[in-house]
Amino acid sequence: MKNSISFLVLVLLGLNLSCAQQGENEVSTPDKITFTPQLIIDDLPIAWGMAFLPDGSILITEKSGDLIRFKDGNKSIINNSPTIYNRGQGGLLDIAIDPDYKNNGWIYISYSSEEGEDKGGNTAIMRAKLNGNSLTNNEVLYKASPNSTKGQHFGSRIEFDNDGYLYFSIGDRGDRDVNPQDITKDGGKVYRINRDGSIPSDNPFVNSEGAKTAIYSYGHRNPQGMVKNPYTGDIWTNEHGPQGGDEINIVGKGKNYGWPVITYGINYSGTPITDQTKKKGMEDPLHYWVPSIAPSGMTFVTSDKYPSWKGSLLIGSLKFQYLERLELKNNKVVYREKLMPDLGRIRDVKQAPDGFIYVSVEGKGIYKLVPKI
Amino acid sequence: MKFIIITYISALITLTLFLSQDKALEESIKRGADIYSDFCVTCHLPNGKGVEKTFPPLAKSDYLLKNREESIRGIKFGQQGEIVVNGITYNNTMPAMGLDDEEIADVMNYILNSWGNKGKDFVTPEEVSKIQKK
């Protein structure tokens, strides 16, 4: 009897725990699909990032190293793209164009690089200009160190805020107990630099002894989604947790997002990392996912093409292979919806200047979401 | 007498060869376990069971156990397109992970000797180096 009572208590406790976040963890399937995904660029194994040029062409980073331009229905390879360290999750990663691209022509690329003395690689940011079929004026703006032969957590996404600062992310490079909580080390950080690579004089750690002064926020695991919230100007990120504990965060100057001291996730082997999900001086996520969806890519819907989605956030799921639409109210997720199920791992999603949403699906290519009329 | 000594010595040599091969395999498997948790675990999971219809299982995978060369090729150069594993069709992408031949041999030895899998022969870096892209 005693045994069965304690069993009952355990079961009830378990139920309580699992209910705690149910509202947020339940993903709904829409009654009516209001769009058709149209495969506009096929035959791309892993299109990691995309950038939309004023002439209507799309630049695509293929993880294995090719920089591709898609123009008037044709793909061509752009020469002189950065040499990558092809290892694990590394490769040719994100791409973005300058906020003032029309006048200065700068393109920014994140990638894993072997540059430096030590064996292995780490994340780098380059800027360059497109001249015909080639990149020119290539300049490395940042190269994280030291190199490592680990295959994990290079990040990386690039975004600009309203003041024109360049933000990029680097994951913890598989060294969670070494990098994320130490501001004198690269990895597990969101960085802020000027677009020429110099360090803004009001960055949070410019006066801290030995700090990497490009750091803007720390305690991240592996952010692979980053977007400016067009309504507030804030920089939003999503990041992979371990098993469980993926997060959405709004990055704040000098703030600590807690990895690996606090997390809603556990080790892949099922053992706990920490029993803490909160700690003074560390930020709670705006949202977290248990189980993990493995988020990648992120965009806000602001265009009039999808009236019922206005203000929503779209995020790709690598693990469950769908596009997630999240409705927000006062910086809280109030509704989650599953779109584009079962096409493949979704790597990137962007609202382009033409107002349409473009989605990169691994093993397939790039889809344009065409609203149904 | 001579015969006995010769037999004895050759038996000893065979045994040492055997044992040192065993030892080498054991060490390769150990290194392979580290490679696995660095490069493979996010998709194929710690128990090697994968995710049905998305990431194929390695534990008791008929594909892995019957197609040694194809499996090595997939890990070396990436694997894309339709494959059938334990009766279930997968049509997905595994990227090339940039492992060197020794690392691939190690991780093959690990997955061929874990979760109840029993590999026949030891995979060597030489075997991996001979496998070319198709």
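Residues numbered from 1 in each chain as written. Chains lettered and ligands numbered in written order. Predicted model: local features only at pLDDT ≥ 70, side-chain atom pairs only at ≥ 80, totals over all residues. Heavy atoms only, no water.

Trainee: For the layout of surface pockets, give the residues involved together with the corresponding values.
Mentor: Residues and elements named next belong to chain A. A volume near 940 Å³ is recorded for the second largest pocket. Forming the boundary of the second largest pocket are 38 residues, of which Ile-97, Glu-159, Lys-350, Gln-351 and Pro-353 lie nearest the centre. For the lining of the second largest pocket, the elements supplying multiple residues, two or more each, are strand E2 (47–52), strand E6 (92–97), helix H3 (101–104), strand E10 (158–160), strand E14 (223–228), strand E18 (295–300) and strand E22 (346–351). Its residues assigned to classes, the lining of the second largest pocket shows 22 nonpolar, 6 polar and 10 charged. (1 Å grid on protein atoms, 1.4 Å probe; cavity = no way out; pocket = protein on both sides within 12 Å on 5 of 7 lines; lining within 4 Å. Points joined across faces, edges and corners; volume = space filled by probe spheres on them. Helix = DSSP H or I, 4+ residues; strand = E, 2+ residues; numbered from the N terminus. Nonpolar A, V, L, I, M, F, W, Y, C, P; charged D, E, K, R; others polar.)

Trainee: An account of the interface of chain B and chain A is needed here, citing residue identities and associated values.
Mentor: Listed as interface residues are 19 residues of chain B and, on the opposing side, 17 residues of chain A. In total, chain B and chain A occlude about 1,400 Å² of area from one another, counting both sides; carbon and sulfur atoms represent 50% of this. At the surface where chain B touches chain A, the tally comes to 1 salt bridge. Of the charged contacts in the structure, one is a salt bridge between B:Glu103 and A:Arg87, with a shortest N-O distance of 2.8 Å. Counting every contact that joins chain B to chain A gives 6 residue pairs in polar contact (both at pLDDT 80 or more). Sort the elements by how many residues they give to the side of chain B that touches chain A and helix H1 (residues 2–44) of chain B lands first, with 6 residues. (Contact = heavy atoms within 4.5 Å. Buried area = accessible area lost by both parts, 1.4 Å probe. Salt bridge = Lys/Arg side-chain N within 4 Å of Asp/Glu carboxyl O. Polar contact = N/O pair within 3.5 Å; in protein donor to acceptor, adjacent residues only side chain to side chain.)

Trainee: Help me get a handle on the UniProt feature "domain: Glucose/Sorbosone dehydrogenase" (unreviewed entry) in chain A, residues and values and all.
Mentor: Here, UniProt's "domain: Glucose/Sorbosone dehydrogenase" (unreviewed entry) annotation points to residues 46–363 of chain A. Along residues 46–363 of chain A the backbone is 1% helical and 40% strand, and the end-to-end C-alpha distance reaches 6 Å. (UniProt positions renumbered as here; feature names shortened; annotations may be inferred.)

Trainee: Kindly report on empty space enclosed by the protein, identifying the contributing residues and their values.
Mentor: Any empty space left between atoms is shown by rolling a water-sized probe over those atoms. Residues and elements named next belong to chain A. Within the structure shown, the criterion is met by 2 cavities of 30 Å³ or more. Space inside the largest cavity adds up to approximately 60 Å³. Lining of the largest cavity is provided by Gly-219, Arg-221, Glu-239, His-240, Gly-241, Gly-245, Glu-247, Tyr-257, Trp-259, Ile-262 and Thr-263. In the lining of the largest cavity, the residues fall into 3 nonpolar, 5 polar and 3 charged. Considering only enclosed or pocket space, the second largest cavity measures out at about 30 Å³ in volume. If you go around the second largest cavity, the residues you meet are Glu-247, Tyr-257, Ile-262, Thr-263, Tyr-264, Thr-277, Glu-283 and Pro-285.

Trainee: Run through helix H4 (residues 101–112) of chain B, naming residues and quoting values.
Mentor: Residues and elements named next belong to chain B. Taking 1.5 Å per residue, 12 residues should reach 16 Å; H4 reaches 16 Å between its end C-alpha atoms and fits that length. Among the 12 residues that make up H4, 10 are buried, leaving the element largely enclosed by the rest of the structure. Turning to H4, its buried residues number three or more, namely Glu-103, Ile-104, Ala-105, Asp-106, Val-107, Met-108, Asn-109, Tyr-110, Ile-111 and Leu-112. (Expected span 1.5 Å × (residues − 1). Buried < 20%, exposed > 50% of the residue type's maximum accessible area, 1.4 Å probe, protein only.)

Trainee: How would you explain the side chain of A:Arg69 if you had to name every residue and give the values?
Mentor: Residue and element names in this part refer to chain A. Within the fold, Arg-69 resides in strand E4 (residues 67–71). Buried charged residue Arg-69 carries no salt bridge. Nearest counter-charge: Asp-55, at 5.2 Å. Apart from the residues within four sequence positions on either side, Arg-69 is in contact with Ser-57, Ile-58, Leu-59, Asn-74, Lys-75, Ser-76, Ile-78, Leu-130, Gly-132 and Asn-133. (Lys, Arg positive; Asp, Glu negative; His and termini not counted.)

Trainee: If you had to explain the pairing of strand E21 (residues 332–339) of chain A to someone new, which residues and values would you point to?
Mentor: Where strand E20 (residues 322–329) of chain A meets E21(A), 7 bridges bridge the pair, whose relative direction is antiparallel. Within E21(A), the position partnered with A:Lys329 by the bridge is A:Lys332. (Pairing = 2+ DSSP bridges.)

Trainee: Residues and numbers for the sheet that holds strand E24 (residues 365–371) of chain A, please.
Mentor: Residue and element names in this part refer to chain A. Spatially, the 4 strands line up as an open sheet ordered E1-E24-E23-E22, and their pairing is antiparallel. Both edges of this open sheet fall to strand E1 (35–42) and E22, since each of them pairs with a single strand only. With direction set aside, neighbouring strand axes in the sheet form an average angle of 25°. Note: E22 against strand E23 (residues 357–361), 5 bridges, orientation antiparallel. In the strand pairing of E23, Asp-348 is matched with Ser-360. (Axes fitted to C-alpha atoms, helices over the stretch in contact; angles between N-to-C directions.)

Trainee: I'd like a rundown of the nonpolar core, residues and numbers included.
Mentor: Core analysis: the biggest nonpolar cluster contains 28 residues, and A:Ile60, A:Leu323, A:Val359 and A:Leu369 have the highest contact counts within it. Broken down by secondary-structure element, the contributors of at least two residues to this core are E1, E2, strand E3 (58–62), E4, E22, E23 and E24 of chain A. Ranked by residues supplied to this core, first place goes to E23(A) with 4 residues. Excluding anything up to four places from it in sequence, A:Ile60 contacts A:Ile41, A:Leu44, A:Ala47, A:Gly49, A:Asp66, A:Leu67, A:Ile68, A:Phe70 and A:Ile366. Judged by nonpolar contacts, the second largest core, of 24 residues, contains B:Phe39, B:Leu58, B:Ile111 and B:Trp115. (Core = buried A, V, L, I, M, F, W, Y, C linked by side-chain atoms within 4.5 Å.)

Trainee: Help me get a handle on the sheet that holds strand E19 (residues 313–317) of chain A, residues and values and all.
Mentor: All names here are of chain A. Taken in spatial order, the 4 strands line up as E18-E19-E20-E21 in an open sheet, and their pairing is antiparallel. Looking at strand neighbours, the two that pair on one side only are E18 and E21, the edges of this open sheet. Going from strand to strand, the sheet's axes swing by 25° on average, the running direction of each strand aside. Bridge count for E19 against E20 is 5 bridges, and the pairing is antiparallel. Bridged to Ser-317 within E20 is Tyr-322.

Trainee: Can you tell me about the environment of A:Gly116, naming the residues and giving the values?
Mentor: Residue and element names in this part refer to chain A. Inspection of the secondary structure puts Gly-116 in the loop between strand E7 (106–113) and strand E8 (122–131). Residue classification places Gly-116 among the exposed positions, given a relative accessible area of 53%. A C-alpha to C-alpha distance of 7.4 Å links Gly-116 and Asn-147, two positions 31 residues apart in sequence.

Trainee: I'd like a description of the packing of aromatic side chains, backed by residues and values.
Mentor: Residue and element names in this part refer to chain A. Tallying each qualifying case throughout the model produces 14 aromatic pairs over all chains. Centre to centre, the rings of Tyr-108 and Phe-160 are 5.4 Å apart; their planes meet at 65°, and the pair counts as edge-to-face. Taken together, the positions of Tyr-108 in strand E7 and Phe-160 in strand E10 put the pair 52 residues apart, joining distant regions of the chain. One exposure class covers both Tyr-108 and Phe-160, and it is buried. Centre to centre, the rings of Phe-205 and Tyr-218 are 5.8 Å apart; their planes meet at 75°, and the pair counts as edge-to-face. Pair noted here: Phe-205 is in the loop between strand E12 (189–193) and strand E13 (215–218) and Tyr-218 is in strand E13, with a separation of 13 residues, a long-range link. Take Phe-205 and Tyr-218: they sit in the same class, and that class is buried. (Phe/Tyr/Trp six-rings, centres within 6.5 Å; stacked < 30°, edge-to-face > 60°.)

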